[in-house]
Amino acid sequence: MPLSNLNKEQLEAATCEPGYNLIIASAGTGKTSTIVGRIANLINGGTKPEEILLLTFTNKAAAEMVQRVAKFFGKELAAKIMAGTFHSVSYKLLKQLEINITLKQPNELKTLFKSLYEKRVFYNRDDEANPYDGGYLYDMYSLFLNSNDGEEFGAWVISKNPAHEIYTPIYEDVVIEFDELKKKYGYVNFDDLLVLMLNTLKEEEFDFKEILVDEYQDTNPLQGRLLDAFKPKSLFCVGDYDQSIYAFNGSDIGIISTFSKRYNSANVYTLRKNYRSSKPILDLATKVIEFNERIYEKNLEVMRNDVDIKPKLLAFNELFGQYEYISELISKSSTPHSEIAIIFRNNSSADGIEANLREFGIPAKRKGGMSFFDALEVKFVLDILMMQLSHNDMMAFIHVIEYGKGIGKAIAKDIFDALIKLGHGKLFDGLFHPDDKIKNPYESNKVKNIQLGLFDDFIELGSLSKFKECNFEEKFLSNPILKHPKLTVEGALYLYDFYNLLKELRRVKSPASQIEHIVKSSLFNRIKEFLSTKRATQKDGTINESLKSSSITKINRKALLLKTLSTHYKDLSKFINSMVLGGSEMSEGEGVNLLSVHASKGLEFKEVYVIDLMDGRFPNRKLISKGGSIEEERRLFYVAVTRAKDILYLSYAKYDKVKKLDFIYSPFLKEAGLIKDESLD
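Just so it is clear, the structure is predicted and the values come from calculations on it, not from any experiment.

Participant: It is not clear to me how the overall build of the chain should be interpreted in this structure. Could you clarify?
Facilitator: Secondary structure summary: the chain contains 30 helices and 18 strands in total. Taken along the three principal axes of its C-alpha coordinates, the chain extends 80 × 60 × 55 Å. Counting over 681 residues, the chain shows a buried share of 53%. A separation threshold of at least 6 residues defines the contact pool for the chain, and within that pool the share at least 24 residues apart is 76%.

Participant: Would you take a moment to explain the UniProt feature "binding site: ATP" (unreviewed entry) in the chain for this structure?
Facilitator: Those places that UniProt annotates as "binding site: ATP" (unreviewed entry) correspond, in this numbering, to Ala25, Ser26, Ala27, Gly28, Thr29, Gly30, Lys31 and Thr32. Within the secondary structure, Lys31 sits in helix 2 (residues 31–44). Here Lys31 falls in the partly exposed class, since its relative accessible area comes to 21%. Each residue touching Lys31, except ones within four places of it in the same chain, is listed here: Ala25, Asp214, Glu215, Val238 and Leu271. Among the polar contacts listed, one links the side chain of Lys31 to the side chain of Asp214, at a separation of 2.8 Å. Among the residues examined, Thr32 registers a relative accessible area of 24% and is labelled partly exposed. The contacts of Thr32, once residues within four sequence positions are left out, are Met65 and Arg68.

Participant: Could you clarify how one ought to interpret the pattern of salt bridges in this entry?
Facilitator: Scanning the model with the defined rule gives 36 salt bridges in all. Among the ionic pairs, Arg635 bridges to Glu632, the shortest N-O distance being 3.1 Å. Residue Arg635 and its partner Glu632 are located together in helix 29 (residues 630–641), separated by three residues, close to a single helical turn. Like Glu632, Arg635 is buried. Connected via shared salt-bridge partners are Lys31, Asp214, Glu215, Asp218 and Lys601.

Participant: When you look at the sheet that holds strand 8 (residues 267–271) in this model, what are you seeing that I'm missing?
Facilitator: The strands that make up a sheet are held in pairs by hydrogen bonds between backbone atoms, and each pair lies either parallel or antiparallel. As summarised here, the arrangement of the six strands in space is 3-2-6-7-1-8, forming an open sheet in which the pairing is parallel. Every other strand in the sheet has two partners, leaving strand 3 (82–84) and strand 8 as the edge strands with one partner each. Each adjacent strand pair in this sheet contributes to an overall mean axis angle of 10°, direction not counted. As defined by bridge partners, strand 6 (residues 210–213) adjoins strand 7 (residues 235–239) across three bridges and the pair is classed as parallel.

Participant: Just checking my understanding: could you explain helix 15 (residues 319–332) for this structure?
Facilitator: Think of an α-helix as 3.6 residues a turn; residues three or four steps apart then line up on the same face. Spanning 14 residues, helix 15 covers 21 Å between terminal C-alpha atoms, matching the ideal 20 Å at 1.5 Å per step. For helix 15, the complete set of buried residues consists of Leu319, Gln322, Tyr323, Ile326, Ser327 and Ile330. Along the long axis of helix 15, the arc covered by the buried residues comes to 130°, so they all point the same way. Capping the start of helix 15, Glu318 holds a side-chain oxygen 2.7 Å from the backbone nitrogen of Phe320, two or three residues further along.

Participant: Can you help me understand the sheet that holds strand 15 (residues 605–610) in this one?
Facilitator: If you trace the six strands from one edge of the open sheet to the other, you get 11-16-15-12-14-13, paired in parallel fashion. Edge strands, defined here as strands with exactly one partner in the open sheet, are strand 11 (312–316) and strand 13 (364–367). Recorded for the sheet is a direction-independent mean angle of 20° between the axes of neighbouring strands. The pairing of strand 11 with strand 16 (residues 644–653) spans five bridges and is parallel. Bridge pairing in strand 16 links Leu313 to Leu650. The sheet strands contacting helix 29 are strand 12 (340–344), strand 15 and strand 16, and the helix crosses strand 16 at an angle near 130°.

Participant: I tried to follow the pairing of strand 2 (residues 52–55) on my own but got confused; where do I start?
Facilitator: Where a strand is regular, its side chains alternate between the two sheet faces. Covered by surrounding structure in strand 2 are Ile52 and Leu54 together with Leu53 and Leu55, the residues of both alternating faces. Bridge count for strand 2 against strand 6 is four bridges, and the pairing is parallel. Its bridge partner lying in strand 6, Leu55 is registered against Val213. In terms of strand pairing, strand 2 meets strand 3 through three bridges, oriented parallel. Across the sheet, residue Leu54 finds its bridge partner in strand 3, namely Ala83.

Participant: Honestly, helix 3 (residues 59–73) in this entry has me stumped. Any pointers?
Facilitator: Relative to the 21 Å expected for 15 residues at 1.5 Å per residue, helix 3 spans 21 Å between its end C-alpha atoms, a close match to the ideal helical length. When we look at burial in helix 3, the residues that qualify are Asn59, Ala61, Ala62, Met65, Val66, Val69 and Ala70. Gly74 lies just past helix 3 and shows a positive phi near 95°.

Participant: When you look at the confidence of the model for the chain in this model, what are you seeing that I'm missing?
Facilitator: Regions with low pLDDT should not have their predicted coordinates read in detail. Model confidence for the chain is summarised by a mean pLDDT of 87, while 94% of its residues fall at 70 or above. Element-level pLDDT for the chain is lowest in helix 26 (residues 572–582), with a mean of 76, against a maximum mean of 97 in strand 15. Taken together, the stretch residues 453–459 has pLDDT below 50 and engages in ten contacts with residues farther than four places along the chain or on a different chain.

So, how was this worked out
Residues numbered from 1 in each chain as written. Predicted model: local features only at pLDDT ≥ 70, side-chain atom pairs only at ≥ 80, totals over all residues. Heavy atoms only, no water. Helix = DSSP H or I, 4+ residues; strand = E, 2+ residues; numbered from the N terminus. Buried < 20%, exposed > 50% of the residue type's maximum accessible area, 1.4 Å probe, protein only. Contact = heavy atoms within 4.5 Å. UniProt positions renumbered as here; feature names shortened; annotations may be inferred. Polar contact = N/O pair within 3.5 Å; in protein donor to acceptor, adjacent residues only side chain to side chain. Salt bridge = Lys/Arg side-chain N within 4 Å of Asp/Glu carboxyl O. Pairing = 2+ DSSP bridges. Axes fitted to C-alpha atoms, helices over the stretch in contact; angles between N-to-C directions. Expected span 1.5 Å × (residues − 1). Arc of directions from axis to C-beta. pLDDT = per-residue confidence, 0-100.

Structure representation (structure tokens):
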């Protein structure tokens, strides 16, 4: 049974009395085993699985814990546990209550937000501060939702930057319009899920006997309020303040550090036995992290004595020489590629090392930075699938149609509005069965707004005669959407391919079959040609054919991976929502693990390289100047080095010959005792 495998400290925590319990679990101390043990103890004590709520930082972590419970109690019982991230659990519970929502990736709604923002005109300006751009304001609004203490958005912005007080009425107006538009179409992003769940809990109640929270140190104020809104009868929170690394996303280390003050009769347990890292690696990590303030005392005990390899510092005269040498080291290493990780703080580091690994013929899978689901070709396929579920999905339609030659976002939105009008509120009816009584679907009902620029109605519609040679079927050719005055022949051909693909998909049911049809379609071939050409275009405007061929191969590989993922689902809705909710957890390909520090969290590897340890890069001084802290950067360093089990390399360079920059080593290397004095020889 799970409890019989626990050490004394883990068992004491797992079998504690119901109440408010905090378990301090450092890297490698067996927190997952302790959580699984706790669930087993609850079930053995008579708690029904459906009365248990397990909140984790990733859906993958939740699935692994539920699988471990299933080994002892069976899949049927384990499946009844409500488990997942704050976002995925909120989604499941809202769906249980039959609340109609359409889940969207944050970047999709960012596009919508920016389109609303860019119509605003700032008549009054402060010479000391320009208005934020739309993308930055969207990110600020997201941070506000996750970290505010109840104040209004405008007041919150002013508290962050008083010089922007002059702009806050426009900022607030954009946010109001954005929220109204989301409500109209039922769109929700991750922030909205939590806010909607929080509001729902004011009226609804769920009877969970105990709530377990993994990675508690990364809880943000919104999640903290949500946790309290569940009115938990018993809390079992597991975390490590030394691994709190999501302040940029609103997480508040104060939540874990004030646990004992906020909950009466709270108990704090500490797991001290480290089973992951060798003593030299753990000694180095401990030496550095102790420069941060100690919130809860913990003296880790190393349980491994089979390996005693000291961490090695690699110093290089030149940046790319560092990447080349590390690639060469890996090519000679006996460690399997899947057991090797290269951990970086900045995306530019990853780009450099990835290119050098390729030179040595070493495959690598990259996680962190740009997600698989941020790839335009992947989003394109998912948007077409989304339209099969929600025909009137404006964002999905715009994302698909904007790639037509000469179309873009604005004309795509015009076409969407026209089809809705032609179909009396139904986009597919407007496309396949338009109302022939409506002669001008582009006639505007726009209202003038002092903040907005001028929008001219179309004085006259375009002629259909220019499409006579296009071999369109008569039904499509007679559709008034083709009368948009700015629609070119190429744009109309693109729309026709879209029209034909949607007709095909109406006859196909399973997600895998639908993806296969999309990928084989003329429409996807157009996207493939557009993206591969764009990615292979050089600064002088010429096309690098080798790069283009490589780009096409990558696009095909992503499409195949998406199809493979879909084979596990019969229900299209479950597939799409799984991809949206779990998208950021995916990595692509095989080989050496190329990871951002944040993406490495929770993982472990035999051999680890932490690269570009230069002051400015790691710690990242730019982020510190924007509100970060050296303490958070130190925690990031701690997380990075504690991914290593046996072998740890730390590297830095003194000069970047491309950017002509001099570097000095990271202060963390000195704190670790790897650099004794100012000499770099």
